[in-house]
Amino acid sequence: MTTLHLLVPQIEHMVRYHLKSAGVKTTTLDNRGIETENGLSTLIELPECEKIFGEDLTFEIKALFCDACGPNLRNELAHGLLDDKACQTVYAVYAWWLGLKLVFNTFWNAARKIDEVGEEEGGEA
């Protein structure tokens, strides 16, 4: 249960961070001039998501966290609709695994890039 409450907002933050880093507008300006951050369901529909995250990861995030026909974990969690049982479903485990995969792959790719740079420098000497 704790994992979902920590992980889901971080997934949303990760999506928002990468979209902003790519220069994508992640906010909406209403008629009174108040700017608000768009939620994950709105962000994941942006065409830039597939360019940034790829088609597969965009689909996974949408299906797991945003789609009303799926587990809709982000909205269920944000509105207090997840009970203890819902936090122990296969969808919750998959969300945990997806978060672990994202963190591990980022770490792995960064470590490999450092190794490759080190090998190139060693090979030139």
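Just above, that's the structure.
Residues numbered from 1 in each chain as written. Predicted model: local features only at pLDDT ≥ 70, side-chain atom pairs only at ≥ 80, totals over all residues. Heavy atoms only, no water.

Draft legend 1. Layout of unusual backbone geometry. Phi at Asn72 takes a positive value of approximately 55°, unusual for a residue other than glycine. Mapped onto the secondary structure, Asn72 falls in the loop between α3 (48-66) and α4 (73-78). (Helix = DSSP H or I, 4+ residues; strand = E, 2+ residues; numbered from the N terminus.)

Draft legend 2. Spatial organisation of the environment of Val8. Looking at the element boundaries, Val8 is found in helix α1 (residues 2-21). Accessibility expressed as a relative area gives 3% for Val8, which makes it buried. Sequence separation of Val8 and Leu40 is 32 residues, and the distance between their C-alpha atoms is 9.9 Å. (Buried < 20%, exposed > 50% of the residue type's maximum accessible area, 1.4 Å probe, protein only.)

Draft legend 3. Layout of a nonpolar patch on the surface. Residues Tyr94, Trp96, Trp97 and Leu100 make up a contiguous nonpolar surface patch of about 410 Å² in total accessible area. Since its relative accessible area comes to 45%, Leu100 is described here as partly exposed. (Patch = residues over 30% accessible without salt bridge, like charges linked within 9 Å, V, L, I, M, F, W, Y side chains within 5 Å. Areas by Shrake-Rupley, 256 points an atom, 1.4 Å probe, with all protein chains shown as cover. Salt bridge = Lys/Arg side-chain N within 4 Å of Asp/Glu carboxyl O.)

Draft legend 4. Seen up close, the packing of aromatic side chains. If you walk through the whole model with that rule in mind, you get one aromatic pair. Geometrically, the ring pair formed by Tyr94 and Trp97 is tilted, given 5.4 Å between the ring centres and 40° between the ring planes. Residue Tyr94 and its partner Trp97 are both found in helix α5 (residues 90-124); the two are separated by three residues, about one turn of the helix. (Phe/Tyr/Trp six-rings, centres within 6.5 Å; stacked < 30°, edge-to-face > 60°.)

Draft legend 5. Structural detail: the side chain of Glu60. Tracing the sequence through the fold places Glu60 in helix α3. Overall, the relative accessible area of 14% leaves Glu60 in the buried class. In contact with Glu60, not counting residues within four places along its chain, are Tyr94, Trp97, Leu98 and Lys101. (Contact = heavy atoms within 4.5 Å.)

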